[in-house]
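For reference, the chains in residue letters:
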Amino acid sequence: MERVSVQGVHQVTDPDGPQPLVDLKLAPHWPVSVLPDWMADHIRDTAARLQVPEDLCAQLAVGALSAACAGHATVAVDDWVETRNLFLCCSMHSGAGKSPAEKAMVGPLRDWERDRRHRRRDAHDLEVAAWKVAQKKLRKAEDGFAVGSIGDDEFAQAVLDASQPMPSEFRLLVDDTTPERLVQLLAAHERLALVSTEAGLLDSVAAQFAKAQKPNIDVYLKAWSGDTIIRDRKGGDGGPESTVVEDALLTVVLTIQPGVVEKYRETAPELRGRGFFARFMPSLPESLVGGRRFGGRAQVAPSAEVYAAELSALAERMASIEDAGRPMRLHLDDAAAAMFYAWCDDMERKLALGGELAALHDAASKIRSSCLRMAGLLKLARGEQGNVVDAERMAAAIVVAGYWTAHAMLMEGHEDEAQMLAVDCAFHILDWCRKRGLLKVTPRDVYLANRGTYRAVDQLAPGFELLWNKRWLTFDEGHVHNIGLQGAPVVARVAAEVLGEVHPRHYGRTRGRPRDHARTFTEGDGVQHEERENARENARNPKEGISTDSSSFPTSTDMGAETTRVPRVLPDDAPDEPFEEFF
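First, a word on what this report is: a plain description of the structure on this page. Note that the structure is predicted; figures quoted are calculated from it, not measured. (Residues numbered from 1 in each chain as written. Predicted model: local features only at pLDDT ≥ 70, side-chain atom pairs only at ≥ 80, totals over all residues. Heavy atoms only, no water.)

As summarised here, the arrangement of the 3 strands in space is β14-β16-β15, forming an open sheet in which the pairing is antiparallel. Both outer strands of the open sheet, β14 (440-441) and β15 (473-477), are each paired with one neighbouring strand and no more. As defined by bridge partners, β14 adjoins strand β16 (residues 491-494) across 2 bridges and the pair is classed as antiparallel. Counted as the bridge partner of Lys-440 is Arg-493 from β16. (Pairing = 2+ DSSP bridges. Helix = DSSP H or I, 4+ residues; strand = E, 2+ residues; numbered from the N terminus.)

Below, the structure is given as C-alpha cells:
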C-alpha cells in the first residue's frame, strides 16, 4: 500500500484506485533543533500550547533575537561584512494564532524595553533638562553676539552645545508607522525593530501606488543593509529640513495573511523590482485550523521563564556594548568560510536559466546575506566567547537558509499552465458525472454543459487524459487521441467513487499558498463559477525536484529536525472537509 501526503494528512490509498490529481511535495519544517535550547524549548512548548505551527514561533523568536542583537555586532568573511538584522515574514490566515504567538515570543523583549526605559528615566530627564538649558543659553548668546557683548569663542561654544538633537527615551520596537516617520525614529534611535501581526507596513508603502505616487521604500532598503539615509525636504516656515541617519538598521518581522504579498506583487511591481520583497526571508507554514482542540489547554511551560530571562540578558548585554561604543566584529574561521562559499557556489549553479532555483534570481543574494547574518546570531544566542564563528554555527545557518529558500520557492508559486487547465477540466468532467449520477461520460456531453468555457470538444482532452493517468476513469470506446475527431466515438467510464461521498483528499493539493475555500464536496453539488476559478488558481504544480541543499551540505535532518509535516490523521468515516484543508 502506498502512503500519499496531502496537506498534513498521511493516508493509505489503494494503488490501483483513483490517485490525487495533483502531486504534493511538502516544504520543510523550521529546523528548530539548530537553535539554542532556551529558544528551541520555548518554541516547541508555545507551539503546542497555542496549537500553532512551530514555524510561526521560530520566525518570531529569530526576529526577537535579531532585534536584540542588531547594531551591536557585525559578521564578516574576508571583506564581506554583514550586519545582524533580518527581515522575516510568516504567512498565515486570520484566526490561525498569529497574535498570541507574537506575544509569547516577542513579549519578553517588549518587557525588557519597558524596563530599560524605566531604569534610564532619571538619566533621560537630566539629559532633556540639560538640552533645554543649552537652548536658552544659545538664545542669550545670539542676543549678546548681536550687540557685541560676547566674543566669538563663547558664541561658538553656545552654538555647539545647543546643536545636539533633543534626547529621546530609549526605543527599540515599533509597529504602525509611515516611512517618513520611520526615518525620524531611526534618526533618534539608529536601530529599531518593526514587529507587526498586520500588513500595515505593506499597506502604507503600496498605498502610494493607488495615488500614482512613487513609493517611498528607500528607508527599508537602506536600513536592511545599514546604509546611510539622507533625506532633504522643503520644510515649512523654518526652512528646508535635512535628516541624516548613519548606519541605520532595521529589523522587520511580519505575520501576514497569504493573499497580502501576492496582492502587492501584482499591484505594486516596483516593490519587487527594487528588491523589497527579496529582503524578506519567508515562512509559509501549514495551518492547524480545523485540527485544534479546545478545553484543558496546557499551561505556560517553565521554558517561557527561561526564554524571557535569556532573551532579556542577551538584549542587556548587547545594549551595554552599544553604551560602551565598541560593537562586536565577528568573523568566520577557515572551515566555516569554506563551507559558506561552497554553499554559495552550489546555489549559484542552481540559479542558472532553467535551474532548480532560477526563480530566485532576485532573492538569492539576500538569502546569502541572511544566512551569514544568521550564523552570527546563532553564536551570540549561545553566549559563546570570542569573535570567531565556527563551522558548526555556519552549518546550522545553512540549514535555516535552506528552509528560507524552500519557502521562497513556494512564495513564487510556480505555475504549470497546462496542468492547471487540465485539473480545471478534470473537475468539470467529474462534476458532470456527479450531478447526473452517471458513470459513463462522453467528451461531447461535458462540452455541451460547459460551452461558455470550452470552444471545442478537443479542449477537454487534457482533462480526460489526466483522469485516465490518475485512474479516475477508463475508456470503453476510443481513447484520448480520438477526442474531437469526427467518426471516432469516445466513451469513458469514471470510477464509482465519483458518485459517492468523494472526500476532497482524493484531489490532492498543490504546493502553493493556502487559499480561502469554503467548498465541500457533497452529493449533487456542482462547481459554480467563482469556485471553479478558485480551484483553477490552486491547481498549480510547481516544478518538481526543487532542492535547496546539496548532498555535501548539512540538512535539517542532519541537525536533528523533522522535515515532514506532522500528520493530522482522520478516521475513515471522516466527514467532508473544506477545500482549504485539502486542495
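As enumerated under the stated definition, the model contains 11 aromatic pairs in all. Ring centres of Phe-276 and Phe-277 lie 5.6 Å apart, and the angle between their planes is 75°; this geometry places the pair in the edge-to-face category. Judged by relative accessible area, Phe-276 falls into the buried class, the value being 1%. Take Phe-277: its relative accessible area is 9%, and that puts it in the buried class. Site record: aromatic cluster; members linked through ring pairs are Phe-87, Tyr-220, Phe-276, Phe-277 and Phe-280. Sitting above the plane of the Phe-170 ring, Arg-116 keeps its charged end 4.9 Å from the centroid. Positioned above the aromatic ring of Trp-224, the side-chain terminus of Arg-373 is 4.0 Å from the ring centre. (Phe/Tyr/Trp six-rings, centres within 6.5 Å; stacked < 30°, edge-to-face > 60°. Buried < 20%, exposed > 50% of the residue type's maximum accessible area, 1.4 Å probe, protein only. Lys NZ or Arg CZ within 6 Å of the ring centre and 35° of its normal.)

Looking now at a positive patch on the surface. On the surface, Lys-132, Lys-136, Arg-139 and Lys-140 cluster together into a positively charged patch. You can see Lys-140 is positioned in helix α4 (residues 121-147). (Patch = residues over 30% accessible without salt bridge, like charges linked within 9 Å, V, L, I, M, F, W, Y side chains within 5 Å. Areas by Shrake-Rupley, 256 points an atom, 1.4 Å probe, with all protein chains shown as cover. Salt bridge = Lys/Arg side-chain N within 4 Å of Asp/Glu carboxyl O. Lys, Arg positive; Asp, Glu negative; His and termini not counted. Charge placed at Lys NZ, Arg CZ, Asp CG, Glu CD.)

Overall, parallel pairing links the 5 strands, which are arranged β6-β7-β10-β5-β11 in an open sheet. Either end of the sheet is taken by a strand with one partner, and the two such strands are β6 (173-174) and β11 (280-283). Together, β6, β7 (191-196) and β10 (249-256) form the strand contacts of helix α6 (residues 179-189), whose direction differs from that of β7 by roughly 135°. (Contact = heavy atoms within 4.5 Å. Axes fitted to C-alpha atoms, helices over the stretch in contact; angles between N-to-C directions.)

Keep in mind that most residues, glycine aside, have a negative phi and that most peptide bonds are trans. Residue Gln-51 is not a glycine yet carries a positive backbone phi of 55°. For Gln-51, a relative accessible area of 16% puts it in the buried group. The residue Asp-78 is not glycine, and still its phi comes out positive at about 55°. You can see Asp-78 is positioned in the loop between β3 (73-77) and β4 (80-82). Owing to a relative accessible area of 62%, Asp-78 belongs among the exposed residues under this scheme.

What follows covers the pattern of salt bridges. Throughout the structure, instances matching the rule amount to 18 salt bridges. Here Glu-348 ties to Arg-368 by a salt bridge, and the two come within 2.5 Å at their closest N and O atoms. Taken together, the residues Glu-348 in helix α12 (residues 334-350) and Arg-368 in helix α13 (residues 364-381) connect sequence positions 20 residues apart. The partly exposed category is assigned to Glu-348, whose relative accessible area is 46%. Here the salt bridges share partners, and the residues they tie into one network are Asp-115, Arg-116, Arg-119 and Glu-316.

Bringing the side chain of Lys-366 into the picture now. Among the secondary structure elements, Lys-366 is positioned in helix α13. This buried residue, Lys-366, is left without a salt bridge; Asp-362 holds the nearest opposite charge, at 8.5 Å. Only 3.3 Å separates the side chain of Lys-366 from the side chain of Ser-365, close enough to count as a polar contact. Setting aside chain neighbours within four positions, we find Lys-366 in contact with Trp-224, Ala-278, Arg-279 and Met-281. (Polar contact = N/O pair within 3.5 Å; in protein donor to acceptor, adjacent residues only side chain to side chain.)

Glancing now at helix α17 (residues 461-469). For α17, the set of buried residues is Ala-461, Gly-463, Phe-464, Leu-466 and Leu-467. Once α17 ends, the next one or two residues include Arg-471, with phi positive near 65°.

Moving on, we get to the layout of surface pockets. If a probe as big as a water molecule is rolled over the atoms, it shows which places are left empty. If you add up the space inside the largest pocket, you get close to 1,100 Å³. Lining the largest pocket are 33 residues, and of these Ala-188, His-189, Glu-190, Arg-191 and Glu-322 lie nearest its centre. Counting only elements with at least two residues in the lining of the largest pocket, the list comes to β3, α6, β9 (241-245), α11 (303-324) and β12 (328-332). Looking at the lining of the largest pocket, its residues break down into 13 nonpolar, 9 polar and 11 charged. (1 Å grid on protein atoms, 1.4 Å probe; cavity = no way out; pocket = protein on both sides within 12 Å on 5 of 7 lines; lining within 4 Å. Points joined across faces, edges and corners; volume = space filled by probe spheres on them. Nonpolar A, V, L, I, M, F, W, Y, C, P; charged D, E, K, R; others polar.)

This next bit is on the packing of helix α1 (residues 37-50) against helix α3 (residues 98-119). Packing of α1 against α3 leaves a shortest axis separation of 11 Å and a crossing angle of 155°. The orientation of α1 with respect to α3, classified from their angle, is roughly antiparallel. The crossing of α1 and α3 is right-handed. Residue-level inspection shows His-42, Ile-43, Thr-46, Arg-49 and Leu-50 of α1 in contact with α3, the latter providing Pro-100, Ala-101, Ala-104 and Met-105. Of the residues that constitute the contact of α1 with α3, the class distribution is 6 nonpolar, 2 polar and 1 charged. (Parallel < 35°, antiparallel > 145°, perpendicular 65-115°, else oblique. Left-handed = near helix turned anticlockwise from the far one by under 90°.)

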